[in-house]
Structures are given as structure tokens and as C-alpha cells.
Amino acid sequence: MATKNPPIYVVGGSKGGVGKSFVTLALVDYLQRTDVNAVLVETDTSNPDVMKAVHDEIECASCDLDDVSGWIDFVNFCDAHRDAAVIVNTAARSQTGVAQYGGTLASALDDLARRLVVLWVINRQRDSLELLLRFGATFLNADTHVVRNGYFGAPEKFALYRESNLRKAIEAQGQSLDFPDLADRVADELRSQRLSIHKAAETMHMGERAELLRWRALFSAMFARVTADA
Ligand SMILES: Nc1ncnc2c1ncn2[C@@H]1O[C@H](COP(=O)(O)OP(=O)(O)OP(=O)(O)O)[C@@H](O)[C@H]1O
Ligand SMILES: [Mg+2]
């Protein structure tokens, strides 16, 4: 497959509240800070939280992936921004749309000359893994990484994933990554004020900022592992 254009990063997980929006916010910040030109596709049309936080900083589009028309807009947006990495924040329960129309994107990837990089955010429960198996059936050629969200506990607590055949399959082609936990009071401020991480680093009080910068250093090391070869 020709892959001369920057990748499309899909932050998935399908389940509600596993941390997709947080990982997306972090990826936006990481790519900005490493001078990668990036655009955002917000597919959570009922609660476009990431788009609201970053629309002043990067170009954004909103596409409803439950609808075939949203998938067409999505492919066109990727085509119109060939020089930019595309970051996709997905909504919980986008599974039906992906199964129905995801083929639109899967078949366009060659034409777009882009790789699809999936960052699948999990908590410690089984359904996070089952949903990934179903998603993977649509995007067979994606580079898929699993992101254990440290909000749900230390890496060793993700026992189901550790023991799963899925982990072996992921690690044969991708990585198991650890997304760091951010102190609740800083996470709550980020969320309630709808701040981008860049903005938060400029405006938070010194104590909160110190915690934010600790977190940023950790997630930057995590993303460096996946974007190095992207
Ligand atoms: N790594 C983390 N550190 C601190 N808090 C976190 C972390 N990950 C998630 N959270 C908390 O969990 C909440 C839900 O996370 P987030 O909104 O990113 O999930 P989501 O998967 O996007 O949910 P939805 O499916 O509703 O869009 C956040 O508002 C935050 O309070
Ligand atoms: Mg979200």
C-alpha cells in the first residue's frame, strides 16, 4: 500500500468513558509540540468535547459516522488535508456505523495514500477487548495499538488483557501502551473548562501545572513509541 501521506490516527475504544477524549486531547498536544501538522475529525457529534477544546488551535471537522454521508465527508476531509496527520476522536457506540460503512474508509486508504493507526483505549473489562475484535474485522490493514488507561489502575491490573490471545495478536504487529493517570483535580479542571492541554499549561495555577507537565512528559514518551515510524 502506498503511504506517502501522514497517517490517520483513530482513537477508538467504543465504550463510553474509557478515556478516548483524553487520549485524543493528549495526541493533539503531542503532535503540535513535535511540529506535526495535524487536523481533528470529531465524530462525537452529540458531545464534541475534544473539538470544543482545540478548535482555536487546529482545524477541525465534525462527521457523524453513524451515517453514510458522514463517512463520505470524512474521506473528503482527509483528501483535502493531504499534508496533515488526521486525528479522529470517536464516540461511544460508533460500532454500528463502523461495521456498516467503515469499508468506505478501508477501501479509500490506498487512494488516500495513508496508513490507519488505531489507538484502542481500554479499561480492565472484557467488553473493551471484544469490541476491538469486531472493529479489527473492518480494518484488517490498520496498525493497531492497545492503550491501557492508567486511570483504571496500574498496567499489572489489566489481567484479562495480559492473559488474552488478543494481546499476542496486538504485540505481533503493534504495541501495548500505557496512558498515564492525571490527578483528578487537574483532570476535572481540564474537562469542566474545556481546555486544550496547551491552553491548560498556560493558564493553570503552578501546582496544577506541575502535575499537568508531569503527565504530559509521560504521555509524550508513550506517543513517541507509536509515531516514530508513522
Ligand atoms: N488518564 C486519565 N487521567 C485522569 N482522568 C481520566 C483519565 N482518563 C479518563 N479520565 C477521566 O474519565 C473521564 C472520561 O474520560 P473521557 O471523556 O476521555 O472518556 P471517553 O471515552 O471519551 O468517553 P465518551 O465515550 O463519553 O466520549 C474524564 O472526564 C476524566 O475525568
Ligand atoms: Mg469522548
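From a predicted model like this one, the values you see are computed outputs, not experimental measurements.

This part takes up the environment of valine 36. Looking at the secondary structure, you find valine 36 in the loop between helix 1 (20–33) and strand 2 (38–42). A residue is classified by how much of its surface remains accessible, and valine 36, at 35% relative accessible area, is partly exposed. Considered as a pair, valine 36 and asparagine 5 are 31 residues apart in the sequence and their alpha carbons are 12 Å apart. Ignoring any residue separated from it by four or fewer positions in sequence, one finds valine 36 in contact with Leu31 and Ala85.

Looking now at the sheet that holds strand 2. Spatially, seven strands are ordered 3-2-4-1-5-6-7 in an open sheet, and the strand pairing comes out parallel. Across the chains shown, the open sheet's two edge strands, defined by having one partner strand only, are strand 3 (60–62) and strand 7 (176–179). Averaged over all pairs of adjacent strands, the angle between their axes in this sheet comes to 25 degrees, without regard to strand direction. In terms of strand pairing, strand 1 (residues 8–12) meets strand 4 (residues 85–89) through four bridges, oriented parallel. Paired with valine 11 across the bridge in strand 4 is asparagine 89. With respect to the sheet, helix 7 (residues 165–173) is in contact with strand 6 (143–149) and strand 7, its orientation differing from that of strand 6 by roughly 125 degrees. In the packing of helix 10 (residues 206–227) onto the sheet, contacts are made with strand 1, strand 5 (116–122), strand 6 and strand 7, and the angle to strand 7 comes to roughly 160 degrees.

Let us now look at the nonpolar core. Counting 40 residues, the largest nonpolar core has Phe179, Leu190, Trp215 and Phe223 as its most contacted members. Top contributing element to this core by residue count: helix 1, with eight residues. Aside from chain neighbours lying at most four places away, what touches phenylalanine 179 is Phe22, Val23, Ala26, Val147, Arg148, Asn149, Gly150, Trp215, Phe219 and Met222.

Okay, the site of ligand 1 next. If you check the shell around ligand 1, you find 18 residues, and the closest are Lys20, Ser21, Phe22, Leu182 and Arg191. Contacts to ligand 1 include aspartate 181, whose side-chain N or O atom sits 3.2 Å from a nitrogen atom. Interatomic distance of 2.9 Å between a backbone N/O atom of leucine 182 and a nitrogen atom of ligand 1. Burial of ligand 1 by the protein chains amounts to 87% of its free accessible area of 630 Å². Structurally, ligand 1 is housed in the largest pocket. In terms of residues, the shell around ligand 1 owes the most to one element, helix 1, which gives three residues.

Parameters and conventions
- Residues numbered from 1 in each chain as written.
- Chains lettered and ligands numbered in written order.
- Predicted model: local features only at pLDDT ≥ 70, side-chain atom pairs only at ≥ 80, totals over all residues.
- Heavy atoms only, no water.
- Helix = DSSP H or I, 4+ residues; strand = E, 2+ residues; numbered from the N terminus.
- Buried < 20%, exposed > 50% of the residue type's maximum accessible area, 1.4 Å probe, protein only.
- Contact = heavy atoms within 4.5 Å.
- Pairing = 2+ DSSP bridges.
- Axes fitted to C-alpha atoms, helices over the stretch in contact; angles between N-to-C directions.
- Core = buried A, V, L, I, M, F, W, Y, C linked by side-chain atoms within 4.5 Å.
- Near = heavy atom within 4 Å.
- Polar contact = N/O pair within 3.5 Å; in protein donor to acceptor, adjacent residues only side chain to side chain.
- Areas by Shrake-Rupley, 256 points an atom, 1.4 Å probe, with all protein chains shown as cover.
- 1 Å grid on protein atoms, 1.4 Å probe; cavity = no way out; pocket = protein on both sides within 12 Å on 5 of 7 lines; lining within 4 Å.
- Sits in = over half its atoms within 2 Å of the grid points.

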